[in-house]
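# Descriptive structure summary
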Amino acid sequence: MTDWNTSIIEEFRANKGKVGGPFEGKDLLLLTTKGAKTGLPRTNPTAYIRDGDRLVIIASKAGAPVNPDWYHNLLANPTVTLEIGTETIEATATPITGGPERDRLYAAMVAAMPGFAEYETKTDRVIPVVALEPNA
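To start, this report covers the structure provided alongside it. Given the structure is predicted, the values throughout are model-derived calculations rather than measurements.

Reading guide: rules and limits
Residues numbered from 1 in each chain as written. Predicted model: local features only at pLDDT ≥ 70, side-chain atom pairs only at ≥ 80, totals over all residues. Heavy atoms only, no water. Helix = DSSP H or I, 4+ residues; strand = E, 2+ residues; numbered from the N terminus. Buried < 20%, exposed > 50% of the residue type's maximum accessible area, 1.4 Å probe, protein only. Contact = heavy atoms within 4.5 Å. Phe/Tyr/Trp six-rings, centres within 6.5 Å; stacked < 30°, edge-to-face > 60°. Core = buried A, V, L, I, M, F, W, Y, C linked by side-chain atoms within 4.5 Å. Expected span 1.5 Å × (residues − 1). Arc of directions from axis to C-beta. Salt bridge = Lys/Arg side-chain N within 4 Å of Asp/Glu carboxyl O.

## A word on the environment of Ala-47
Inspection of the secondary structure assignment puts Ala-47 in strand E2 (residues 41-47). On the accessibility criterion, Ala-47 (5% relative accessible area) is buried. With eleven residues separating them in the primary sequence, Ala-47 and Ile-58 have C-alpha atoms 7.7 Å apart. Beyond its immediate sequence surroundings of up to four residues, Ala-47 is in contact with Asp-27, Leu-28, Val-56, Ile-57, Met-109, Met-113 and Phe-116.

Right, dumping it as structure tokens:
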């Protein structure tokens, strides 16, 4: 997975935020979190949607039984860095783990990228939704 992420990150940065393959034509950002244990920066590509002034990402890990490492990192350190196209911004990550808002946002992601519907069928966990609000 690390090699796969590395190639997407390199392609993203080389092409001003555009990538091919399964993410071609999709909204993709690079999320940099601070490692919960190490404090080192960790960058991961992730799909996103917009919800007003905030961005929304999904901690799906393709329906794995556990949350992705980046999710644990942002729980420990909610200040994150986002790369969107050629822009880099600081944001605050807020998990939305249940309730109507989580369901609405997850459904909006499914509408934009139908593959997310399958992820919920692969796991027993409630897949967290994360709102990213740009810092002023």
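## Let's talk about the packing of aromatic side chains
Following the criterion strictly, the structure yields four aromatic pairs and no others. Between the aromatic rings of Trp-70 and Tyr-71, the centroid separation amounts to 6.4 Å while the plane-to-plane angle is 80 degrees, which identifies the pairing as edge-to-face. Look at Phe-116 and Tyr-119: their rings are 5.1 Å apart centre to centre, the planes differ by 75 degrees, and that puts the pair in the edge-to-face class. Placement of the pair is Phe-116 and Tyr-119 together in helix H4 (residues 115-121), with a separation of three residues, close to one helical turn.

## Quick look at the nonpolar core
Membership of the largest hydrophobic core comes to 17 residues, with the highest contact counts inside it found for Leu-29, Ile-57, Trp-70, Val-80, Leu-82, Val-130 and Leu-132. Looking at this core, the elements that each hand over two or more residues are strand E1 (28-34), strand E4 (54-58), helix H2 (69-76), strand E5 (79-84), strand E6 (87-96) and strand E7 (129-134). Beyond its immediate sequence surroundings of up to four residues, Leu-132 is in contact with Leu-29, Arg-54, Leu-55, Ile-57, Val-80, Leu-82, Ala-91, Thr-92 and Ala-93. Within the second largest apolar cluster, 13 residues are counted, among which are Ala-47, Ile-58, Tyr-106 and Phe-116.

## Some remarks on helix H3 (residues 99-112)
Here H3 is 14 residues long and its end C-alpha atoms lie 20 Å apart, about the 20 Å a rise of 1.5 Å per residue gives. Along H3, the residues classified as buried are Arg-102, Leu-105, Tyr-106 and Met-109. Projected down its long axis, H3 carries its buried residues within an arc of 100 degrees, all on one side. Opposite the buried face of H3, by more than 90 degrees, sit the exposed residues Pro-100 and Ala-111. Residues of H3 that are buried in the fold lie against E2, strand E3 (49-51), E4, E6, H4 and E7.

## Side note on the pattern of salt bridges
Summed over all chains, the structure comprises seven salt bridges. A salt bridge links Asp-103 to Arg-102; the shortest N-O distance between them is 3.2 Å. When salt bridges with common partners are traced through the structure, they connect Asp-51, Arg-54, Glu-101 and Arg-104 into a single cluster.

In short, geometric facts, not functional conclusions.
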